[in-house]
Amino acid sequence: MANTQSFRDEKTFITAFHTALDAASADEIPAIFAKFCTPDLKWRGFHPFDEILGAEQVVETFWQPLKRSLTRMQNRVDILFAGRNSLAEDGDTWVVTMGHLVGLFDHAWLKIRPTGKMAFLRYCAFYRVAGGRIVETAMYFDIPHLMVQAGQNPFQPQTAAHLVQPGPMTHDGLLMQDQPEEDGIKTLDLINAMIADLGRWDSGLPLEEELARTWHDDMIWWGPEGIGATYTIERYAKQHSGPFRAGFSKRSGTGHICRLAEGHYGGFFGWPNFVATPSGGFMGMPATDKPGEFRVIDIYRRAGDKLAENWIFIDLLHFWKMQGVDILDRTTGIDTP
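For clarity, every value in this text was computed on a predicted model and none was experimentally measured. (Residues numbered from 1 in each chain as written. Predicted model: local features only at pLDDT ≥ 70, side-chain atom pairs only at ≥ 80, totals over all residues. Heavy atoms only, no water.)

Asker: Explanation requested: the packing of helix α1 (residues 8-23) against helix α2 (residues 29-36) in the structure shown.
Answerer: For any two helices packed against each other, the geometry comes down to the angle between their axes and how far apart the axes lie. Orientation of α1 relative to α2, taken along the N-to-C sense of each, is 170 degrees, at an axis distance of 10 Å. Relative to α2, the element α1 lies roughly antiparallel. Taken together, the residues of α2 that come into contact with α1 (itself represented by F13, A16, F17, A20 and L21) are I29, I32, F33 and F36. Classifying every residue of the contact of α1 with α2 by side-chain character gives nine nonpolar, no polar and no charged. (Axes fitted to C-alpha atoms, helices over the stretch in contact; angles between N-to-C directions. Helix = DSSP H or I, 4+ residues; strand = E, 2+ residues; numbered from the N terminus. Parallel < 35°, antiparallel > 145°, perpendicular 65-115°, else oblique. Contact = heavy atoms within 4.5 Å. Nonpolar A, V, L, I, M, F, W, Y, C, P; charged D, E, K, R; others polar.)

Here it is, written out as structure tokens:
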């Protein structure tokens, strides 16, 4: 019988947290956080929220305004897994969820105009669970994707496709049951090999051959708004990876905070993951030669001995603010209450 590591209790706990948030009104959220989170919760989110310390501040700054804007909001989870952080000596336990926060966009949020229609906020969250509470969260979300749904596209035409992105093709992303330990090890080893290739940019191989070392030929890369989603190694190289490498220089080493895998799924986040300098233009904007931080979450699905799907969250608002461009201010204009 295969060895397993059980994270069922932690995953059940986070699922209960999501269920409680779905059912709660904005005014009831403080009680939910008091039950599930430590008072000194450490929370990281994309610009303009950044790092927030304290559960009360997270509720007041992020959750209550969002709940009041996206009415009848529900969390549609596509991927859920857990594991030990491979980068921490104590191997702390994290639960990862990814999907969309879906609601009726009835009131402005971050000066984005409401539509009165369904809206999807792509997100991925890493929850560190200890002592029966959430003690740390990294929750990354695609604000430009929401802006496009509201008719406020903040970027130049992107190189890949704009989509409301689905979950795994295999429809098996909710890992509520225990998984064979060796499956998670195999997934993490493959992710680590891919990171080693990605972090160098100088493997000596043509880009498509380099990618083929760790990716299936029919890979799908579910990129953020402003870059887009792309399919197959050839189109990924053409529509994102090649232009990205050509547009940047002085890429720093990789600095992740958490990296883990369970079963056929795995991922990581950093704060930032790396720093690079736009020296050849990026996303239709000219080079600035100013170093920029990339805060990223990557989630992967392994199929056999290669990576098959990858969901990416990049804090493009933070990156461009470091380049002197405030994307929210220049493309919105609504005063929020």
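Asker: I tried to follow the packing of α2 against helix α3 (residues 55-69) on my own but got confused; where do I start?
Answerer: Between α2 and α3, the shortest axis-to-axis distance is 10 Å and the interhelical angle comes to 135 degrees. On the basis of the axis angle, α2 is oblique to α3. Relative to α3, α2 is oriented so that their crossing is right-handed. Counting all contacts with α2, which are made through I29, P30 and F33, the residues of α3 involved are A55, V58, V59, W63, Q64 and K67. (Left-handed = near helix turned anticlockwise from the far one by under 90°.)

Asker: Help me understand the sheet that holds strand β13 (residues 265-270), please; the structure alone is not making it clear to me.
Answerer: Think of a sheet as strands paired side by side through backbone hydrogen bonds, with each pair either parallel or antiparallel. Read across the open sheet, the six strands follow the order β10-β9-β17-β16-β13-β12; overall the sheet is mixed. Edge strands, defined here as strands with exactly one partner in the open sheet, are β10 (229-231) and β12 (256-262). Within the sheet, the average angular offset between the axes of one strand and its neighbour, ignoring direction, is 15 degrees. For strand β16 (residues 296-303) and strand β17 (residues 306-314), the ladder comprises eight bridges, and the chain directions are antiparallel. Within the sheet, the bridge partner assigned to A303 lies in β17 and is K306. Set on the sheet, helix α7 (residues 233-247) makes contact with β9 (215-222) and β10; between it and β9 the angle comes to about 45 degrees. (Pairing = 2+ DSSP bridges.)

Asker: Please clarify how the pairing of strand β2 (residues 37-45) should be interpreted in this entry.
Answerer: Walk down a regular strand and you will see the side chains alternate between the two sheet faces. Sheet topology note: the β2/strand β7 (residues 133-141) ladder contains five bridges and is parallel. What sits directly across from W43, in β7, is T137. Direction of pairing for β2 relative to strand β3 (residues 51-53): antiparallel, over a ladder of three bridges. Its bridge partner lying in β3, R44 is registered against E51. Where β2 hands over to β3, the hairpin turn is made up of five residues, of which D50 adopts a positive phi near 60 degrees.

Asker: How do you make sense of the nonpolar core when you look at a structure like this?
Answerer: As a rule of thumb, soluble globular proteins bury nonpolar side chains together. Membership of the largest hydrophobic core comes to 99 residues, with the highest contact counts inside it found for F33 and F126. It is strand β6 (residues 118-130) that provides the largest number of residues to this core, a total of eight residues. (Core = buried A, V, L, I, M, F, W, Y, C linked by side-chain atoms within 4.5 Å. Buried < 20%, exposed > 50% of the residue type's maximum accessible area, 1.4 Å probe, protein only.)

Asker: Would you take a moment to explain the packing of aromatic side chains for this structure?
Answerer: Two measures describe an aromatic ring pair: the distance that separates the ring centres and the angle between the ring planes. Here the structure, examined in full by the defined rule, presents 37 aromatic pairs. Where W43 meets F62, the ring centres are 5.1 Å apart and the plane angle is 40 degrees; that geometry is what we call tilted. Within this pair, whereas W43 is found in strand β2, its partner F62 is found in helix α3, the two being separated by 19 residues in sequence. For W43, a relative accessible area of 2% corresponds to the buried category. A relative accessible area of 0% means that F62 is categorised as buried. Through a chain of ring-to-ring contacts, three or more aromatic side chains come together here, namely W43, F46, F49, F62, W63, W94, W109, F126, Y140, F141, F269 and W271. One Lys or Arg, R122, reaches over the ring of F313 and ends 4.2 Å from the middle of that ring. (Phe/Tyr/Trp six-rings, centres within 6.5 Å; stacked < 30°, edge-to-face > 60°. Lys NZ or Arg CZ within 6 Å of the ring centre and 35° of its normal.)

Asker: Got a minute to help me understand the pattern of salt bridges in this structure?
Answerer: A side chain with one charge may pair with a side chain of the opposite charge, provided their charged atoms come close. All chains considered together, the criterion is met by 15 salt bridges. Here E136 and R128 are joined by a salt bridge, their closest N and O atoms 2.9 Å apart. Given a relative accessible area of 23%, R128 falls into the partly exposed group. The salt bridge involving D197 is made with R213; its shortest N-O contact spans 3.0 Å. With D197 in helix α5 (residues 181-198) and R213 in the loop between α6 (207-212) and β9, the pair connects residues that are 16 residues apart, well separated along the chain. (Salt bridge = Lys/Arg side-chain N within 4 Å of Asp/Glu carboxyl O.)

Asker: Any chance you could explain the sheet that holds strand β11 (residues 248-249) here in plain terms?
Answerer: In spatial order, the strands read β11-β14-β15; together these three strands make up an open sheet with antiparallel pairing. Of all strands in the sheet, those with a lone pairing partner are β11 and β15 (292-294), marking the two edges. The pairing of β11 with strand β14 (residues 274-278) spans two bridges and is antiparallel. Across the sheet, residue S249 finds its bridge partner in β14, namely T277.

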